[in-house]
Amino acid sequence: MYIESSSAEDIATKVTDMIDSDSEIAMILLGEEGNTDVHELIRKLNKSNIQFFGGIFPGLIYGTGVHHSGAILQKFPLLEKPELVKGLDDQNFKVPDFEGRLFEDTDKKHTLMILIDGMTANITQLLHRTFNNLGNSVNYLGAGAGSSHYEQKQCIFTPEGIFKDAAVIVPIEMETGLGVSHGLEFVSGPALVTRSGKNAIQELNWKNAYQEYKGIIEDNIGKKWSDKEFSEHMDDFALGIYCKDKEYIARVITNVSEKGELICAGEMPENAALSILRSKKDNMIAAASKAAQEAIYPERNARYSFIVECVGRYKFLGDGFDAELDSINSKITEDEAKPEGVLSVGEISSYIDGILEFFNFTVVVGRFYE
Amino acid sequence: MNDHYQEIVKDISLLYELSLSIGTSLDLKENCDAFLNKLLARENFAFASVWIKNKYLTGEHNHKATLVYANPEYRACENTIDISSPAFTLIKDKEPVMIGNEDDHFEMLIAEKDINKGIYFIFPLGDIGFLKVYSAFEKKTGDDIILSKLINVVSKFTVSVEACLYHERALREIEERRRIENELRISEKRFKDMAELLPEMIYECDLRGDFTYINKSGLQMLGFSKEDLHRGLNISELIPDSEKGKFRSRFTELLAAKELPSMEYELLTKHGSMISVIMSSTVMIKGREVTGIRGIALDITEKKRMQDSLLDAKMIAVANRARNDFFANMSHELRTPLNSIIGFSNVLEDRTYGELNEEQARYVDYIHSSGQKLLELINDLLSLSMMETQDIEIKPEYFDIIRAVVEVSEALKPLLLRRNVHMEVITHTEIGTIHADRSKFKQIVYNLINCILNKSEERLDMDLELDMVSNMLKVSIKQKQNIFSSDDIEKITGILSENNKGSSGENDALELEMMLTKRFVELHDGSIWFESCGEGSCFSFILPADTKVENESQLILV
């Protein structure tokens, strides 16, 4: 459900009313502009002894509408105790070792919901190590929390508090159908990441990353831009990592440092051969529809759909974003409830029988089945 | 760019990325992770594993292979397979194979969770093992190009895995060497600690004779300090000139024979004194080279001194025995004629064979009394001799004390009368029996009275007092004249004191008597003392009324 109020008290009251038993957990997604007093919210929920997890996002999706304040509230049957992973800025963070019920019911593929600080380092490491432990025994669905301006803030909360450089991983006793797509088109490539560190590309093709990136795009469109002009068009482009038989894994550039480093949402490994991708509104909207279609389990009614839309898509599509949401909604009309979701700083999903990935500029649709 | 060239560029990009991800670490898991993570992500594979034959992994020739890497680990089920298993037989020609779920071998290759369809790609890693990659997608035409596309990059990966294995082996060997070195250090420390605790000298020296180690006892024995050792100390500094020849030849013999029986040497200490040692040495060998000598030296200086002392003592004992034999023989030889002299002079004194004139009577009396004194002296000498050889035996019995005292008094009666001595026996308490050597008891009393009589020609009043105090018999012999000179008093007090343990060498009759008396008292666990107070003096001794004798043999003092 979506509530317009951003007041901690109102949210806490709704959450308390929503939760029926100890085996349920509340998911609380807050719009960044609501400035909810999260500490107060945590205090109130802890007082009511409610199990919960949540994050602060650039925007909230409810049906076909986008909100930047208020809260999306949802409850899930909890399979196991959620795990909070802190200190992701340090490579020696501890990966939770899930056991027991996750593997008990082999006929059912449960869901691991992951909310993560989208601006932290080592996101891919966490996902890789988690996938290494659990493999395809579960489906993964998640979103990068944070700000629409790509500023790192405390954005992940649990009964333990609110954190940055953190993730919360919640095993949910429901199956999920997943669809992942972005609809970006190949423009040029390869561009080789010849020097990088964590999220920053320092060199592309052995040259200053920004200058080279700008040059490749200018060559491709046949125009020369000033830095100012280029910054206005940067959202039209993204970097793509090749993955056979699938769309490129997209990485958006969230910032350019003074030294000309391209700062990405997500790690950028050295020696990666990147492609330059370009956004086209129609393709993107079609991709969203495709993702929604992929998430449908034939002949089964989903209880609920969850949409993770990259905030970059929202910015790029502008008014066209309504059309993207419409295209998703049109595919999942038979759901018991309206689809809900977030505008995210990075999207998380596993492919069917494939690996777990952290995407940018992507839409992930997850459909929850009992 | 048309699609065809775009595909080629994609492949080149893939191979570029894969090639540069190989050999990023010498850690086997990290190396596999860097390469296979990328391969799985780019080629959309669902699982990869690396199997290495145990003979390359652990050195075990057991025809098994071990799973060294799996991604994701979640899927891995088996950790060990036989090298005759299908995965190995399929690549026996060292060529990669692709097995789809419709192929006969597919089922036999499954060693992972949740796999029932898809494709296995198996790449040989030289002879050391294989790389197994799984795609969850159905096999389709043209998939086998993956084998050709990846064969060269997997070949490079093989080299990197081999390098990791060599590195791991080297690390294991280094670790093992470190462990052994550490154990050696611990062992060496243990032995050095023990060596430091040993009372003997433990040493090591190089072939030049420079000491490289001497334990604490060794340094103490030689008078050197650790600093002296650190400054440099050569074995030749310890060898006196007289021993150098012997030492040099032994050193040469030792180097040839590696080990020699112990031998005694004289060594010079830092301070110039000589010590005697028994040295046992062996050679130190490193590899095949003799590097020095180590050994143990036992200081026998004190032992040798004691041996010498023992020899002296033995000689003294022999001399004493000869003297005692002499005394015994002489006593017998002297007493026989002396008894004749005393007996016949007694007969003459008794006028058995006629009257004597006054002068004859006086001479006979001299002969008799001198003979008597000489006999007493001989008896004392004999007793003292026996005492010194500690061969005096006491034979305790129960006897009446008063009666024994009366018997002594009776024996002395002629002398007491002649000397005009009045002796009174006084009892302070009821005096009964005592368990002691009757003869020795009588002799103690006799000697003390005799000692007084011999010191005075004057009339004397003497009291012999008997008292029983706390089951101890106290006997005191008192007289009230000043008959003892200061020398006598000092002499008697000295002899009877507790610290006096025996003869000082030259003794007169008084001393012999006192020493004998004291010994008799002590043999009864009693004590004796002498008091002089200007006018008069008193001999006192106490004896336990019931001498504790557990068995007869204990009465013979050894």
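What you are looking at is a predicted structure, and each value in this text was computed from that prediction instead of being measured.

The rules we used
- Each chain carries its own residue numbering, running from 1 in the direction its sequence is written.
- For this description, chains carry letters from A and ligands carry numbers from 1, given in the order in which they are written.
- Thresholds applied to this predicted model are a pLDDT of at least 70 for local features of residues and 80 or more for the giving and counting of side-chain atom pairs; totals over whole chains, interfaces and linings are not thresholded and use all residues.
- Starting at the N terminus, helices and strands are each numbered in turn, a helix being any DSSP run of H or I of at least four residues and a strand any DSSP run of E of at least two.
- Here a residue counts as buried when 20 or more other C-beta atoms fall within 10 Å of its C-beta, as exposed when 12 or fewer do, and as partly exposed in between; the C-beta atoms come from the backbone.
- Residues are treated as contacting if the C-beta atoms built from their backbones sit within 7 Å of each other.
- Two strands are counted as paired when DSSP detects at least two bridges linking them.
- Structural elements are reduced to axes, namely lines fitted to C-alpha atoms, with helices fitted over the stretch in contact, and the angle between N-to-C directions of any two is expressed from 0 to 180 degrees.
- Residue-level confidence of the predictor is what pLDDT reports, using numbers from 0 through 100.
- Orient the strands so they point away from the viewer; a crossover is then right-handed if the path from the first strand over the helix to the second runs clockwise.
- For this scheme, ten residues count as nonpolar: Ala, Val, Leu, Ile, Met, Phe, Trp, Tyr, Cys and Pro. Four count as charged, namely Asp, Glu, Lys and Arg, and the remainder, Gly too, count as polar.
- Remark: nonpolar core denotes a set of buried Ala, Val, Leu, Ile, Met, Phe, Trp, Tyr and Cys residues whose joining runs through C-beta atoms within 7 Å.
- The length a helix should cover is 1.5 Å for every residue beyond the first.
- A residue's bend is simply the angle between two axes: one fitted to the seven residues ending at it, one to the seven starting at it.
- The scheme is simple: roughly parallel for angles under 35 degrees, roughly antiparallel for over 145, roughly perpendicular for 65 to 115, oblique for anything else.
- Working rule for handedness: look at the near helix, and if it is turned counterclockwise from the far one by less than a right angle, call the crossing left-handed; if clockwise, right-handed.

### Here's the deal with the overall build of chain B
Stage number 1. Counting its secondary structure elements, chain B contains 15 helices and 18 strands.
Stage number 2. For chain B, with 558 residues in total, the buried portion stands at 26%.
Stage number 3. Of the contacts made within chain B by residues no fewer than 6 positions apart, 58% connect residues no fewer than 24 positions apart.

### A word on the overall build of chain A
Stage number 1. A count of helices and strands for chain A gives nine helices and 26 strands.
Stage number 2. The buried share among the 370 residues of chain A stands at 53%.
Stage number 3. Sequence separation of 24 or more characterises 83% of the internal contacts of chain A that already satisfy a separation of 6 or more.

### Looking at the environment of Ala143(A)
All names here are of chain A.
Stage number 1. Mapped onto the elements, Ala-143 comes out in strand β9 (residues 139–145).
Stage number 2. Ala-143 sits in the buried class, given 29 other C-beta atoms within 10 Å.
Stage number 3. Residue contacts for Ala-143: discarding those within four places in its chain leaves Leu-115, Val-308, Val-342, Ser-344, Glu-347 and Ile-348.

### Concerning the sheet that holds strand β3 (residues 80–82) of chain B
Residue and element names in this part refer to chain B.
Stage number 1. Across the sheet, which stays open at both edges, the six strands sit in the order β3-β2-β1-β6-β5-β4 with antiparallel pairing between neighbours. Looking at the sheet topology across the chains shown, the edges are occupied by β3 and β4 (97–100). The sheet shows a mean angle of 25° between the axes of neighbouring strands, taken without regard to direction.
Stage number 2. In terms of strand pairing, strand β1 (residues 47–53) meets strand β6 (residues 129–135) through six bridges, oriented antiparallel. Pairing of Ile-52 across the sheet is with Gly-129, part of β6.
Stage number 3. Together, β1 and β2 (64–71) form the strand contacts of helix α2 (residues 28–43), whose direction differs from that of β2 by roughly 55°.

### Section: the sheet that holds strand β4 (residues 59–62) of chain A
Residue and element names in this part refer to chain A.
Stage number 1. Strand order across the open sheet formed by six strands is β5-β4-β23-β22-β26-β13, with mixed pairing between neighbours. Strands with a single pairing partner mark the edges of an open sheet, and in this sheet they are β5 (65–67) and β13 (175–181). For this sheet, the mean inter-axis angle between neighbouring strands, taken without regard to orientation, is 20°.
Stage number 2. Bridge count between β4 and β5: three bridges; the pairing is antiparallel. Residue Leu-60 lies in a different strand from β5, and its bridge partner there is His-67.
Stage number 3. Contacting β13 and β26 (363–369), helix α7 (residues 281–294) runs over the sheet at an angle of about 160° to β13.

### Some details on unusual backbone geometry
Stage number 1. Between Gly189(A) and Pro190(A) the backbone carries a cis peptide bond, its omega angle lying at 0°.
Stage number 2. Cis peptide bonds are those with omega within 30 degrees of zero, and the linkage from Asn71(B) to Pro72(B) qualifies with -5°.
Stage number 3. Its location among the elements puts Pro72(B) in the loop between β2 and β3.
Stage number 4. The backbone of Tyr150(A) sits at a positive phi, close to 55°, despite the residue not being glycine.
Stage number 5. Judged by the 18 C-beta atoms lying within 10 Å of it, Tyr150(A) is partly exposed.
Stage number 6. Unusually for a residue other than glycine, Lys94(B) sits at a positive phi of about 65°.
Stage number 7. Following the sequence through the fold, Lys94(B) ends up in the loop between α4 (86–90) and β4.
Stage number 8. Take Lys94(B): there are 10 C-beta atoms within 10 Å of it, and that puts it in the exposed class.

### Thoughts on the confidence of the model for chain A
Stage number 1. Summing up the model confidence of chain A, the mean pLDDT is 91 and the portion of residues at 70 or higher is 96%.
Stage number 2. The secondary structure element of chain A with the lowest average pLDDT is helix α3 (residues 101–104) of chain A, at 61, and the one with the highest is strand β3 (residues 52–57) of chain A, at 98.

### Here's the deal with the pairing of strand β8 (residues 111–117) of chain A
It is a general feature of regular strands that their side chains alternate between the two faces of the sheet.
Residue and element names in this part refer to chain A.
Stage number 1. Counting buried positions along β8 gives seven out of seven residues, so the element sits mostly inside the fold.
Stage number 2. Going residue by residue along β8, you find Thr-111, Met-113, Leu-115 and Asp-117 tucked away on one face and Leu-112, Ile-114 and Ile-116 tucked away on the opposite face as well.
Stage number 3. Pairing between β8 and β9: seven bridges, direction parallel. Bridge pairing in β9 links Leu-115 to Ala-143.
Stage number 4. Handedness of the β-α-β unit built from β8, helix α4 (residues 123–134) and β9 comes out right-handed.

### Observations concerning the interface of chain B and chain A
Stage number 1. Taken together, the contact between chain B and chain A spans 22 residues of the former and 20 residues of the latter.
Stage number 2. Put simply, the parts of the chain that give the side of chain B that touches chain A at least two residues each are α1 (3–21) and α2 of chain B.
Stage number 3. Looking at which element gives the most residues to the side of chain B that touches chain A, the answer is α1(B), with eight residues.
Stage number 4. Here the side of chain B that touches chain A is built from residues that sort into ten nonpolar, five polar and seven charged.

### As for the confidence of the model for chain B
Residue and element names in this part refer to chain B.
Stage number 1. Residues with a pLDDT of 70 or more make up 92% of chain B, whose mean pLDDT is 85.
Stage number 2. In this model, residues 548–558 is a region of pLDDT below 50 whose contacts with residues beyond four sequence positions or in other chains number ten contacts.
Stage number 3. Taken over the whole predicted complex, pTM reads 0.64, whereas the ipTM for its chain interfaces reads 0.87.

### Focus: the nonpolar core
Stage number 1. The biggest cluster of nonpolar side chains holds 167 residues, and the ones touching the most others in it are Val15(A), Ile28(A), Ile156(A) and Ala167(A).
Stage number 2. The biggest single contributor to this core is α2(B), with eight residues.
Stage number 3. When neighbours within four sequence positions are excluded, Ile28(A) is seen to be in contact with Ile11(A), Val15(A), Phe52(A), Gly54(A), Ala71(A) and Leu73(A).
Stage number 4. Ranked by size, the runner-up nonpolar core spans 31 residues in total, among them Ile444(B), Ile449(B), Leu453(B) and Leu516(B).

### What about helix α6 (residues 145–197) of chain B?
All names here are of chain B.
Stage number 1. The end-to-end C-alpha distance of α6 is 76 Å, a good match for the 78 Å that 53 residues give at a rise of 1.5 Å each.
Stage number 2. At Ile-151, α6 shows its maximal bend, which comes to roughly 45°.
Stage number 3. All buried positions along α6 are accounted for by Leu-150, Val-153, Val-154, Phe-157, Thr-158, Ser-160, Val-161, Cys-164 and Ala-195.
Stage number 4. Looking at the buried residues of α6, the elements they touch are α1, α2, β1, β5 (119–125), β6 and β7 (201–206).

### Comments concerning the packing of α1(B) against α2(B)
Residue and element names in this part refer to chain B.
Stage number 1. Look at α1 against α2: their axes get within 8 Å of each other, and the N-to-C directions meet at 160°. Taken together, the axis directions place α1 and α2 in an arrangement best described as roughly antiparallel. Viewed along their axes, α1 and α2 form a crossing whose handedness is right-handed. Taken together, the residues of α2 that come into contact with α1 (itself represented by Leu-14, Glu-17, Leu-18 and Ser-21) are Ala-34, Phe-35, Lys-38, Leu-39 and Arg-42.
Stage number 2. For the contact of α1 with α2, the per-class residue count stands at five nonpolar, one polar and three charged.

### What about helix α13 (residues 438–454) of chain B?
Stage number 1. Compared with an ideal rise of 1.5 Å per residue, which puts 17 residues at 24 Å, α13(B) spans 24 Å between its outermost C-alpha atoms and is within 8% of the ideal.
Stage number 2. Taken together, the buried positions of α13(B) are occupied by Lys440(B), Phe441(B), Ile444(B), Val445(B), Asn447(B), Leu448(B), Ile449(B), Cys451(B), Ile452(B) and Leu453(B).

### Let's talk about the environment of Met284(A)
Residues and elements named next belong to chain A.
Stage number 1. With respect to the secondary-structure elements, Met-284 resides in helix α7.
Stage number 2. Note on Met-284: 26 C-beta atoms within 10 Å, which makes it buried.
Stage number 3. Along the primary structure Met-284 and Gly-320 are separated by 36 residues, whereas in three dimensions their C-alpha atoms are 9.8 Å apart.

### Observations regarding the environment of Tyr248(A)
Residue and element names in this part refer to chain A.
Stage number 1. Residue placement: Tyr-248 occurs in the loop between β17 (237–241) and β18 (249–251).
Stage number 2. Taking the number of C-beta atoms within 10 Å as the measure of exposure, Tyr-248 has 22 and is therefore buried.
Stage number 3. Along the primary structure Tyr-248 and Leu-277 are separated by 29 residues, whereas in three dimensions their C-alpha atoms are 8.5 Å apart.
Stage number 4. Setting aside anything within four residues of it in sequence, one finds Tyr-248 in contact with Leu-184, Gly-240, Ile-241, Tyr-242, Cys-243, Ser-275 and Leu-277.

### What to know about the packing of helix α12 (residues 401–418) of chain B against α13(B)
The geometry of a pair of packed helices is captured by two quantities: the angle between their axes and the separation between those axes.
All names here are of chain B.
Stage number 1. Across the interface, α12 lies against α13 with an axial gap of 9 Å and an inter-helix angle of 40°. Crossing of α12 against α13: the hand is right-handed. Contacts from Ala-404, Val-405, Glu-407, Val-408, Ala-411, Leu-412 and Leu-415 in α12 reach Arg-438, Phe-441, Lys-442, Val-445, Tyr-446, Ile-449 and Leu-453 in α13.
Stage number 2. Counted by class, the contact of α12 with α13 contains eleven nonpolar, no polar and three charged residues.

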